[in-house]
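In case you want the letters, here they are:
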Amino acid sequence: MRHRAGRVALVAVLLAAAGLLVTSALRDTVTYYRTPGELFDDPGVAGHRVRLGGDVVPGSLRHEGDLVVFRLAEAGHEITVEQRGAPPETFREGTGAVVEGTLSSDGVFRSDHVVVRHGNEYRPSSSPVVPVDAG
Amino acid sequence: MAWAAGGLAAAATVAGGWLAPPDELQGDAQRLMYLHVPAAWVAYAAFAVVLAASGAYLIGGDLRWDRFARAAAELGVALTAAAIGTGSVWGHLVWGTWWAWDPRLVSTALLLFAYAGYLALRRTLAERWAARDGGDHRVARPAAVVGVAGFLLVPVVHFSVLWWRSLHQQATVLAPHRPPIDPRMATALLLAVAAATLAAFCLLLHRVVRLERRLAPAPSPAAERAPAGVG
């Protein structure tokens, strides 16, 4: 009986160790991106490469040469993003996006990688209106 | 039963491939959902079978449960790989990246490694004892412990999108407050999940029967009937 109890304890300790290892390894992964508010609150982050996530502010998207400029907002904070290179096709105003790059001292986030973050809602595409009396 | 699974799969292909409309934002890429979600769901279910069968073996000591656990783990590993593969293509089309170091993606990869490790452990033990995998308590007992422990990862994977910030979208069908999904899309998804579940169940039974047959010719009664050291 004592033998069994020892083995159960060993398994429990091993499990706990594995859990700790996994959680610590996941720490960077777990905050996959930061919000604009967190970026403003953390001055140490300037110059470091981070991921920033938020919703693309409607009306803020424009193209400047090979730069794509837009604003990302989350929880009332906004950051202007200058993205070098074309974003994916599904990139729209109003949807979520995560950009990767550094926050400059002028408050502009310079990014070279953007991925689209979409929600868990699935709607049919609004079919283009076909004119009935086209002829 | 195989016929029913085939029929469901055909219906799901028609519904998912043609009848369901393309998504507003994602277009036709969203149709990958009808492969990705069933693969992930059945993988979870297969690991639940590993948990239940390993538990049943540890309690009762019947090696038949050990064979169920082995077959389900093989199925689960294959389906997890399929879910990661389809998810990667879907991610490439919609997110714009094949892979991201995101909690859901990383935890799913961990799940794959955990159960691949489980199968590797079985094999290693079988070779070490020169025993037949699925017919020996020296393989079955440690494997059952790992099979039970591995299931701890499944809820982590499922809730990863709720607990942590993720690029991966949250659950739609299993969400507490169901977000809108077009009924035609939901029907296609349900058909696909049903087809995959039934097909996986057929495969599981088939595999267990094959394992039994392979073990049948040279039964070592001592290995088959020894109690699993419980109590």
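As recorded in an unreviewed UniProt entry, chain B goes by the name Heme exporter protein C, listed as coming from Micromonospora halotolerans. UniProt annotates chain B under Sequence similarities (unreviewed entry) with the comment "Belongs to the CcmC/CycZ/HelC family."

Going by what an unreviewed UniProt entry lists, chain A is known as Cytochrome c maturation protein CcmE and is assigned to Micromonospora halotolerans. In its Subcellular location (unreviewed entry) section, the UniProt record describing chain A reads: "Membrane".

Undergrad: What exactly am I supposed to notice about the packing of aromatic side chains here?
TA: For any pair of aromatic rings, the description rests on two quantities: the centre-to-centre distance and the angle between the ring planes. All names here are of chain B. On inspection of all chains with the given rule, the structure shows eight aromatic pairs over all chains. A ring pair is formed by Phe 159 and Trp 163, whose centres lie 5.6 Å apart and whose planes are at 20°; its orientation type is stacked. Of this pair, Phe 159 and Trp 163 both sit in helix H6 (residues 153-163), four residues apart, which is roughly one turn of the helix. Note on Trp 163: relative accessible area 48%, which makes it partly exposed. Put simply, the rings of Phe 47, Tyr 115 and Tyr 118 touch in pairs and so form one group of aromatic residues.

Undergrad: Teacher, can you tell me more about the nonpolar core here?
TA: A general trend in soluble globular proteins is that nonpolar side chains are found buried together. Residue and element names in this part refer to chain B. One finds Phe 47, Val 50, Leu 111, Tyr 115 and Tyr 118 to be the most contacted residues of the largest nonpolar core, which totals 28 residues. If you tally residues by element for this core, the top one is helix H3 (residues 63-94), at nine residues. Sequence-distant contacts of Val 50, that is, excluding residues within four places in its chain, are made with Ala 69, Ala 72, Ala 73, Tyr 115, Tyr 118 and Gly 147. Formed by 22 residues, the second largest nonpolar core is a distinct cluster that contains Ala 15, Val 94, Ala 100 and Leu 167.

Undergrad: Would you mind showing me how to read the layout of surface pockets here?
TA: Using a probe with the size of a water molecule, rolled over the atoms, empty space left in the structure can be pinpointed. Residue and element names in this part refer to chain B. If you add up the space inside the second largest pocket, you get close to 880 Å³. Lining of the second largest pocket is provided by 38 residues; of these, His 36, Val 37, Ala 40, Arg 104 and His 168 occupy positions nearest its centre. Of all elements in the fold, only helix H2 (33-60), H3, helix H4 (103-128), H6 and helix H7 (183-215) reach the threshold of two or more residues within the lining of the second largest pocket. When its residues are assigned to classes, the lining of the second largest pocket shows 24 nonpolar, 13 polar and one charged.

Undergrad: Would you mind going over H3(B) with me for this structure?
TA: Because an α-helix packs 3.6 residues into every turn, residues spaced three or four apart end up facing the same way. Residues and elements named next belong to chain B. For H3, with 32 residues, the first-to-last C-alpha span of 46 Å sits near the 46 Å given by 1.5 Å per residue. Put simply, Asp 62 is the residue that caps the front of H3, since its side-chain oxygen is 3.0 Å from the backbone nitrogen of Arg 64. One or two positions beyond H3, positive phi appears at Gly 96, with a value near 95°.

Undergrad: Even after reading the chapter, I still don't get a nonpolar patch on the surface, so can you show me in this structure?
TA: Taken together, the side chains of B:Val89, B:Leu93, B:Trp98, B:Trp99 and B:Trp101 make up a nonpolar region of the molecular surface, amounting to roughly 530 Å² of accessible area. Checked against the element boundaries, B:Trp99 lands in the loop between H3 and H4.

Undergrad: What is the right way to read the UniProt feature "domain: Cytochrome c assembly protein" (unreviewed entry) in chain B from this model?
TA: Under the UniProt annotation, the feature "domain: Cytochrome c assembly protein" (unreviewed entry) is placed at residues 24-168 of chain B. This span, residues 24-168 of chain B, is 77% helix and 0% strand, and a straight line between its end C-alpha atoms measures 18 Å.

Undergrad: Please clarify how the packing of H3(B) against H4(B) should be interpreted in this entry.
TA: Residue and element names in this part refer to chain B. At a closest axis distance of 9 Å, the pairing of H3 and H4 adopts a crossing angle of 145°. H3 and H4 meet at a crossing whose hand is left-handed. Counting all contacts with H3, which are made through Asp 66, Ala 69, Arg 70, Ala 73, Glu 74, Val 77, Thr 80, Ala 81 and Ile 84, the residues of H4 involved are Thr 108, Ala 109, Leu 112, Tyr 115, Ala 116, Tyr 118, Leu 119 and Arg 122. The class makeup of the residues in the contact of H3 with H4 is 11 nonpolar, two polar and four charged.

Undergrad: Explanation requested: the environment of B:Val148 in the structure shown.
TA: Residue and element names in this part refer to chain B. Turning to its location among the elements, Val 148 is positioned in helix H5 (residues 137-150). Take Val 148: its relative accessible area is 31%, and that puts it in the partly exposed class. Contact partners of Val 148, with chain neighbours within four places excluded, come to Leu 51, Ser 54, Gly 55 and Leu 58.

Undergrad: Which parts of the structure should I look at to understand the UniProt feature "transmembrane region" (unreviewed entry) in chain B?
TA: All names here are of chain B. Under the present numbering, the feature "transmembrane region" (unreviewed entry) in UniProt falls on residues 41-59, 71-93, 105-121, 142-165 and 185-205. Across residues 41-59, helical content stands at 100% and strand content at 0%; the span's end C-alpha atoms are separated by 27 Å. Note that residues 71-93 is 100% helix and 0% strand, and that its end C-alpha atoms are spaced 33 Å apart.

Undergrad: Teacher, can you tell me more about the pattern of salt bridges here?
TA: Think of it this way: side chains of opposite charge can pair up when their charged atoms draw near. What the rule picks out here adds up to 24 salt bridges over all chains. Put simply, A:Glu74 and A:Arg117 hold a salt bridge, and the shortest N to O gap is 3.8 Å. Here A:Arg117 lies in strand S6 (residues 108-117) and A:Glu74 lies in strand S3 (residues 67-74), a separation of 43 residues in the sequence. Of the residues examined, A:Arg117 reaches a relative accessible area of 17% and is grouped as buried. Among the charged side chains, a network of salt bridges with common partners joins B:Asp66, B:Arg70, B:Glu74, B:Arg122, B:Asp133 and B:Arg207.

Each value, and the rule that gives it
- Each chain carries its own residue numbering, running from 1 in the written order of its sequence.
- Lettering for chains starts from A, numbering for ligands starts from 1, and both go in the order in which the items are written.
- Only residues with pLDDT of at least 70 are given local features in this predicted model, and only at 80 or more are side-chain atom pairs given and counted; all residues enter the totals for whole chains, interfaces and linings.
- Water and hydrogen atoms were dropped before computing side-chain values, which therefore reflect all heavy atoms in the structure.
- UniProt positions are given in the numbering used here, feature names are shortened, and annotations may be inferred rather than shown by experiment.
- Stacked, tilted and edge-to-face are the three classes applied to pairs of Phe, Tyr and Trp rings, where Trp contributes its six-membered ring and a pair requires centres within 6.5 Å; stacked means planes under 30 degrees apart, edge-to-face means over 60, and tilted covers the rest.
- The secondary structure listing takes helices from DSSP runs of H or I that are at least 4 residues long and strands from runs of E that are at least 2 residues long, numbered from the N terminus.
- Type-normalised accessible area, obtained with a 1.4 Å probe on protein chains alone, sets the label of each residue: buried when under 20%, exposed when over 50%, and partly exposed for intermediate values.
- The term nonpolar core refers to a set of buried residues drawn from Ala, Val, Leu, Ile, Met, Phe, Trp, Tyr and Cys, joined through side-chain atoms within 4.5 Å.
- It only takes one pair of heavy atoms within 4.5 Å for two residues to be counted as in contact.
- Throughout, the protein atoms alone are placed on a 1 Å grid, and a set of points is a cavity if a 1.4 Å probe fits but cannot get out or a pocket if it is open with protein on both sides within 12 Å along at least five of seven lines; lining residues have an atom within 4 Å of a point.
- Grid points are joined across faces, edges and corners, and a volume is the space filled by probe spheres set on the points.
- Side-chain classes follow a simple rule in which Ala, Val, Leu, Ile, Met, Phe, Trp, Tyr, Cys and Pro form the nonpolar group, Asp, Glu, Lys and Arg form the charged group, and the remainder, Gly included, forms the polar group.
- Expected span of a helix, by definition, is 1.5 Å for each gap between consecutive residues, and there is one gap fewer than residues.
- Any N or O atom pair separated by 3.5 Å or less is treated as a polar contact, with the protein-specific requirement of one donor-capable and one acceptor-capable atom, and with residues adjacent in sequence counted only for side-chain atom pairs.
- Think of a patch as exposed residues, more than 30% relative accessible area, with no salt bridge, where like charges cluster within 9 Å and nonpolar side chains (Val, Leu, Ile, Met, Phe, Trp, Tyr) cluster within 5 Å.
- In short, Shrake-Rupley with a 1.4 Å probe defines the accessible areas, and a residue's cover is counted only from the protein chains shown.
- A pairing counts as a salt bridge when a side-chain nitrogen of Lys or Arg comes within 4 Å of a carboxyl oxygen of Asp or Glu.
- In this analysis an axis means a line fitted to C-alpha atoms, helices contributing only their contacting stretch, and an angle means the value between N-to-C directions, from 0 to 180 degrees.
- If you view the pair so one helix is near and one far, a crossing is left-handed when the near helix is turned anticlockwise from the far one by less than a right angle, and right-handed when it is turned clockwise.

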